[in-house]
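# Geometric and topological summary
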Amino acid sequence: YLASYTDVDITLIYCPGNDEQPAIRVGFFQLFRFATCKDVLMMVLGSVCAVLHGSAQPLMLLVFGLLTDTFIEYDIELNELSDDRKECVNNTIHFMNNSTWEMLLDIEYEMTLFAFYYVGIGAAVFLLGYFQISLWVTAAARQIQLVRKLYFSRVMRMEIGWFDCTSVGELNTRMSDDINKINDAIADQVAIFLQRFTTFVCGFCIGFVKGWKLTLVIVAASPMIGVGAGLMALFVAKLTGMELQAYAKAGAVADEVLTSIRTVAAFGGEKKEVQRYDRNLISAQRWGIRKGLIIGFFTGYMWLIIFLCYGLAFWYGSSLVVNTGEYTPGTLLQVFFGVLIAAMNLGQASSCLEAFAAGRGAATLIFETIEREPEIDCLSEAGYKLDRVKGDIEFHNVTFFYPSRPDVKILDQLSVAVKSGETTAFVGPSGAGKSTAIQLIQRFYDPKEGMVTLDGHDIRGLNIQWLRSLIGIVEQEPVLFATTIAENLRYGRPNVSMEDIVSAAKEANAYNFIMDLPQQFDTLVGEGGGQMSGGQKQRIAIARALVRKPRILLLDMATSALDNESEAIVQEALDNVRKGRTTISIAHRLSTIKNADVIVGFEHGRAVEKGKHNELLERKGVYFTLVTLQSQGDKALNEKARQSRANFGASVRQRSRSQLSNLMPESFAPIAIERGPRDAVSQADKSEEEIVEPAPVGRILKYNIPEWPYMLFGSFGAAINGGVNPVYSLLFSQILATFSVTDPVAQRKEIDSICLFFVMVGVVSFFTQMLQGYAFSKSGELLTRRLRRLGFHAMLGQEIGWFDDHRNSPGALTTRLATDASQVQGATGSQIGMIVNSLTNIGVAVLMSFYFSWKLTLLILCFLPFIALSGGFQAKMLTGFAKQDKEAMEVAGRISGEALNNIRTIAGLGKEKIFVDMYEAQLDGPYQAALKKAKVYGACYGFAQCVIFLTNSASYRFGGYLVQQEGLHFSLVFRVISAIVTSGTALGKASSYTPDYAKAKISAARFFQLLDRVPQISVYSDTGDKWDNFQGNIEFIDCKFTYPTRPDIQVLNGLNVSVKPGQTLAFVGSSGCGKSTSVQLLERFYDPDHGRVLIDGHDSTGVSVPFLRSKIGIVSQEPILFDCSIEENIKYGDNSREISMNEVISAAKKAQLHDFVMSLPEKYDTNVGAQGSQLSRGQKQRIAIARAIIRDPKILLLDEATSALDTESEKTVQEALDKAREGRTCIVIAHRLSTIQNSDIIAVMSRGFVIEKGPHDQLMALKGAYYKLVTTGAPIS
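Residues numbered from 1 in each chain as written. Predicted model: local features only at pLDDT ≥ 70, side-chain atom pairs only at ≥ 80, totals over all residues. Heavy atoms only, no water.

## Points about the overall build of the chain
Condition: Secondary structure counts use DSSP, requiring at least four H or I residues in a row for a helix and at least two E residues in a row for a strand, with both numbered from the N terminus. Contact definition: two residues touch when any of their heavy atoms are within 4.5 Å. The Shrake-Rupley method, run with a 1.4 Å probe, gives the accessible areas here. Residue values count only the displayed protein chains as cover.
A count of helices and strands for the chain gives 44 helices and 20 strands. Sequence-distant contacts in the chain: of pairs separated by 6 or more residues, those separated by 24 or more amount to 81%. For the chain, the computed accessible surface area is about 55700 Å², with 58% contributed by carbon and sulfur atoms.

## Structural notes on the packing of helix α3 (residues 107-157) against helix α5 (residues 168-186)
Put simply, the rule is: An axis is simply a line fitted to the C-alpha atoms; with a helix, the fit covers only the stretch in contact. Between two such axes, the angle follows the N-to-C directions and lies from 0 to 180 degrees. Angle categories are assigned with fixed cut-offs, so that under 35 degrees is roughly parallel, over 145 is roughly antiparallel, 65 to 115 is roughly perpendicular, and the rest are oblique. In this scheme, a crossing is called left-handed if the near helix is turned counterclockwise away from the far one by less than a right angle; it is called right-handed if the turn is clockwise. For this classification, the nonpolar set comprises Ala, Val, Leu, Ile, Met, Phe, Trp, Tyr, Cys and Pro, the charged set comprises Asp, Glu, Lys and Arg, and every other residue, Gly included, is treated as polar.
It is at 10 Å that the axes of α3 and α5 come closest, and there the two elements cross at 155°. By the angle between their axes, α3 is roughly antiparallel relative to α5. In the crossing of α3 with α5, the sense of the turn from one axis to the other is right-handed. Between α3, through Trp 136, Ala 140, Gln 143, Ile 144, Val 147, Arg 148, Tyr 151, Phe 152 and Val 155, and α5, the contact on the second element is made entirely by Leu 171, Arg 174, Met 175, Ser 176, Ile 179, Asn 180, Ile 182, Asn 183 and Ile 186. A per-class count over the contact of α3 with α5 returns twelve nonpolar, four polar and two charged.

## With respect to the sheet that holds strand β17 (residues 1195-1199)
Note the following rule: Only strands joined by at least two bridges in the DSSP assignment are considered to pair.
Here we have six strands laid out as an open sheet, ordered β16-β17-β18-β13-β19-β20, and mixed in their pairing. Edge positions in the sheet fall to β16 (1112-1115) and β20 (1249-1254), since each of these pairs with one other strand and no more. Across the sheet, the mean angle separating the axes of adjacent strands is 20° when strand polarity is ignored. Each of β13 (1064-1068), β16, β17, β18 (1225-1229) and β19 (1241-1246) is contacted by helix α36 (residues 1075-1082), which is oriented at about 150° to β18, the strand it contacts most. Its contacts with the sheet place helix α41 (residues 1177-1190) against β16 and β17, and it is angled at close to 180° to β16.

## So, the pairing of β20
Inspection of the sheet shows β19 paired to β20 by five bridges, in the antiparallel sense. Pairing of Ala 1243 across the sheet is with Lys 1253, part of β20. Following β19, the chain reverses through two residues before pairing antiparallel with β20; Arg 1247 in that reversal takes a positive phi of roughly 55°.

## Some remarks on the nonpolar core
To keep things clear, this is the line we draw: The criterion is simple. A nonpolar core is a set of buried Ala, Val, Leu, Ile, Met, Phe, Trp, Tyr and Cys residues joined through side-chain atoms within 4.5 Å. Exposure classes here rest on a 1.4 Å probe applied to the protein chains alone. A residue is buried below 20% of its type maximum, exposed above 50%, and partly exposed in between.
Judged by nonpolar contacts, the single largest core of 95 residues is most densely connected at Met 156, Phe 367, Ile 393, Phe 395 and Leu 454. Examining the composition of this core, we find that twelve residues originate from one element, α3, more than from any other. Residues in contact with Ile 393, not counting those within four places in the same chain, are Val 416, Ala 417, Val 418, Ile 441, Val 452, Thr 453, Leu 454, Ile 552 and Ile 584. Counting 75 residues, the second-largest nonpolar core is a separate cluster that includes Ala 254, Phe 267, Leu 1055 and Phe 1122.

## So, α41
Spelled out, the test is: Under the convention used throughout, the expected extent of a helix is 1.5 Å for every residue step, that is, one less than its residue count.
The end-to-end C-alpha distance of α41 is 20 Å, a good match for the 20 Å that 14 residues give at a rise of 1.5 Å each. Among the 14 residues of α41, 13 are classified as buried, and the element is accordingly described as predominantly covered. Following α41 by one or two positions, Asp 1192 adopts a phi angle in the positive range, close to 50°.

## Quick look at the pattern of salt bridges
How we decide: One side-chain nitrogen of Lys or Arg within 4 Å of one carboxyl oxygen of Asp or Glu is enough to make a salt bridge.
Summed over all chains, the structure comprises 22 salt bridges. Measuring nitrogen to oxygen at the nearest pair gives 3.7 Å for the salt bridge that ties Arg 468 to Glu 912. Taken together, the positions of Arg 468 in helix α13 (residues 464-470) and Glu 912 in helix α33 (residues 912-966) put the pair 444 residues apart, joining distant regions of the chain. Taken as a pair, Arg 468 and Glu 912 share a single burial class, namely buried. Residue Lys 913 pairs with Asp 917 through a salt bridge whose shortest N-O separation is 3.3 Å. On the criterion of helical spacing, the pair formed by Lys 913 and Asp 917 is a turn pair, its members being four residues apart in helix α33. The exposure class assigned to Lys 913 is partly exposed, which follows from its relative accessible area of 47%. By relative accessible area, Asp 917 is classed as partly exposed at 39%. One network of salt bridges, in which partners are shared, links Glu 159, Arg 372 and Glu 375.

## Quick look at the environment of Phe 1036
If you trace the backbone, Phe 1036 turns up in strand β11 (residues 1034-1042). Judged by relative accessible area, which is 3%, Phe 1036 ranks as buried.

## Brief notes about helix α8 (residues 223-259)
This is how the line gets drawn: A residue's bend is the angle separating two fitted axes: one through the seven residues that end there, the other through the seven that start there.
A rise of 1.5 Å per residue sets the reference length of α8, with its 37 residues, at 54 Å; its end C-alpha atoms lie 52 Å apart and thus fit the reference within 8%. At Lys 249, α8 shows its maximal bend, which comes to roughly 25°.

## As for the packing of aromatic side chains
Selection criterion: Working definition: a ring pair exists when centres of Phe, Tyr or Trp rings (six-membered ring for Trp) sit within 6.5 Å. Plane angles under 30 degrees give stacked, over 60 give edge-to-face, the rest tilted. Two conditions define a charge sitting above a ring: the NZ of Lys or the CZ of Arg must be within 6 Å of the ring centre, and it must be within 35 degrees of the ring normal.
By the definition in use, this model includes 51 aromatic pairs. Both rings, one in Phe 64 and one in Phe 337, keep their centres 6.3 Å apart while their planes meet at 70°; by these two values the pair is edge-to-face. Taken together, the residues Phe 64 in helix α1 (residues 37-87) and Phe 337 in helix α11 (residues 329-371) connect sequence positions 273 residues apart. The ring of Trp 287 has Arg 290 sitting right over it, with the charged end atom 4.4 Å from the ring centre. Here the guanidinium or amino end of Arg 788 rests over the ring plane of Tyr 247, the centre of that ring lying 3.9 Å away.

Here you go:
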């Protein structure tokens, strides 16, 4: 039995600090406030079972003590008997019948009795364990079910203002995680806590009742363990902090480099950066190793103390047994194990307290929400329902601000009357309060002052559901629910007939396109209506509004998101619908408002003007400004369209959707076109979490090969540590054997030597634990560092296009370096340690047992799988069954998510009740599953708890048989049983360490994916053309290019231009026309999709990348400097050689920088700050120029190098540039024409190709685009 208690559970020591918990305002017993009488009864019964179960282990100890005494007595008798035998040989039988020896024990009979005790206790434990868990879990499931229902229905009743202040994401997490936390706090944890606490109390009781002296001695030594645990937690926390801080430096380097990857690539600094990163990893590695050493030290310290305690207890206890005869040997064991079990269980019980605290924290917010009374309760029955509704709406001096922004007045004394049967249009700049007014009509909010009336009744007095049923609303971005079209329309009005649906669809001009779809009205619209085009969604939304047969129709920019074609169709639908209803329409496009009966102009939350289209134009107020602005905009648009038709190069790509839809039947167009990008997105999302095959361990170990000596020593330490448990059972049984020795002197000597042996084992395990901790942390940290370096190296070797992908943003990559690399350790070092440890533990135990008694060993081995299973199961129980619960809750989670995301639409349609019912229906599945789980879980728990009892009962009974029939020494029975049982639980524990391992393999796989990726443009390889007399002759031939992340936008569209060596080419054109892109093609950040870039007649794709980049110097618009000194920044220009200070100074002089640097206190050693933040823009530009000059490049690229400067600095920088250009091929991109007039060739670009090129004078004479640019003003936007 003593089984698992020898191996004190060191894992309990790490109790990581809780995350920031909300203030706990819920008492523990308040968690059960939703319990019904039945639940309370179940919980009470469960608690009784738990308490009885808790007392079972100490009860076992009583049996165990008696059992030991019986064995020892038997052995003593055998000894006496053999003594007598010596005196009278052959007379044994007489002696047996002689009065003296009648009391010879029938050991088999006694053992059978004990076996029955064990089986009895075991059966009781099974039942108690089963009931304790299943009753509590069932009760908790019932309560949680209720909490979920209450919470969701209460949330759905909240007014909209409450949703403005609480984010939907937060509500969703509360519904899943926080309620799960409450569940953890009121389910099995309570039962387990009660059970462990009872065990703790009973254990100490037994200790003090049976032998208070020994108990006090043991208790006195135990603070040492507590102190060790406390210090360990403290040190580990501190060292982890230090390690993270040290890594933060390297992380900052990685971040800086990855953010400015283009600069690094342009100057060929990849190798240099990898080294800089690696240098910064060293200190992180040091702290990691120290952490491993400290953990090893304290673990060893704990084992040492534990073994010293054993030694002390047995030494003192045996003296009480032998010298004073106060205790029997059985009492000694009862006391010793009583205290040990008590301490263990106290430690384990404390881990439940964390769950209680988390549950109380989570309950605070949830219960507060459940208690909160909504200010506008949409499900209340209160309020009038008018018999006849005319539909006059009036705002009386309404003042309003949103609850989430109480300082911004949205409506300010608004007074407007809307007459029934008329169409009123609200216009005005955005933020003027138009949509807000509409939301007040729906009573999403109540005004702070004033009132909104319907037919003269204040709407606050009307029944909400009834009021909202009068109103149909079509929003700017209509929300469809993820079901069929027909169901979406049914949301408009309950129990609506199919005829009504069809007629509404016809009125909304949606009928035709619906009938063209393969499943017609049963077509699924997808999540959020994602399968439909904008126009289709709008029309379905209009049909949904019409199905309601509303008296009042609110159109909030119902057509603004559409292209012209769909707009005309939807507009027509709306015009048909408006007749005879009170309609309020908000719009920005005037075409949609002109024919309204009344137009109201809004400004700053007031209605400033009101009238018909023509009247308002004469007033020259808000409406007039909107109209004039728009008509100009329209003109410009038409102009542009005309030009684009002229430039047929931009053929189909430029055509609007509406033109394409003329070429295809209606039903096709939106599906064909609209689905395109959406599908792309959904695919991108899917690959977001790429499912990676876990990496093979062999490959991870391959990266760890250089550390084999460490791993060898670590494994050696682990092996010895594994052997400690069996050695412990050896010593323990040896002590029992001494009690049956009849000669007191020999007995004392033997006891002393055994206690000394305990001390030795403690010391050895102290050192081996340290060795294991240090060796594995060393190999693990070295592996982490190596992987981080390799990963960073691989990242810098990717082509620039790879970094454009948002999944490879600098932030994501730095996290990957930080976390993935450190998780891989879990698969090598400590994991190998764990495995070696368990294997030696089991191996030594089994070998030893077979040596001492193979028969008994075989019997116990039959139980071993069960013991291991129960160990693993308990480990799993601690981590909980959260994952299965989460999966079961997913459907319900989807419903709640959809409902909360679209709360306005649901409130507008008055469908809260339906969603609450749907949600509750979905809860039934998980609830039934939870009830089933409670039973399974209870049975497993009961089984896990009673296995040991059954094992013991069988093995002691068989042991008794062997002792009597085969003369086996009784101490060997104890030895074999305790050795195997302890190793069995160790096996179970080891199996629970696997999650770390799985995570490590996935992390490693992600890492190897990065290492194995072959970049399209390789930086590190030396292959490719190189030639000596590099001239700098550049030609672009029919280059076409799109960025890999935006494949639908053609950036270069057949670029043709060439530059002779020593010439200066200037690109001008509006932004987005592909000027900078052409420069990036020349640097080979990207390769053209079509066409070629020739350098000295060599095709750029065949040229060696490092060689090509070494011949190019670049100065960009926002020069990126690194966080180091000015001198180092200039030296960065050429990373292929060591640069002398003289060269730096001459480059600085050429860049007009030298004088300014000399005026700084630290001159060239001045640090420029992160991204050069300590310097002004002109200074940064000049450093960048010096950096480009020091390369002595043949080609100089100036990408808007002076555009960001003021005139003064620009002059200086411009002079520097003119100097730098001498004798080099130069490409200039500029917006200011003054900077390019003296270029040899000026190329004017538009839409990705050159429309005219030549020197300044020639282009001026052409009177084309360039002439226009020059004459209309200097900068080109």
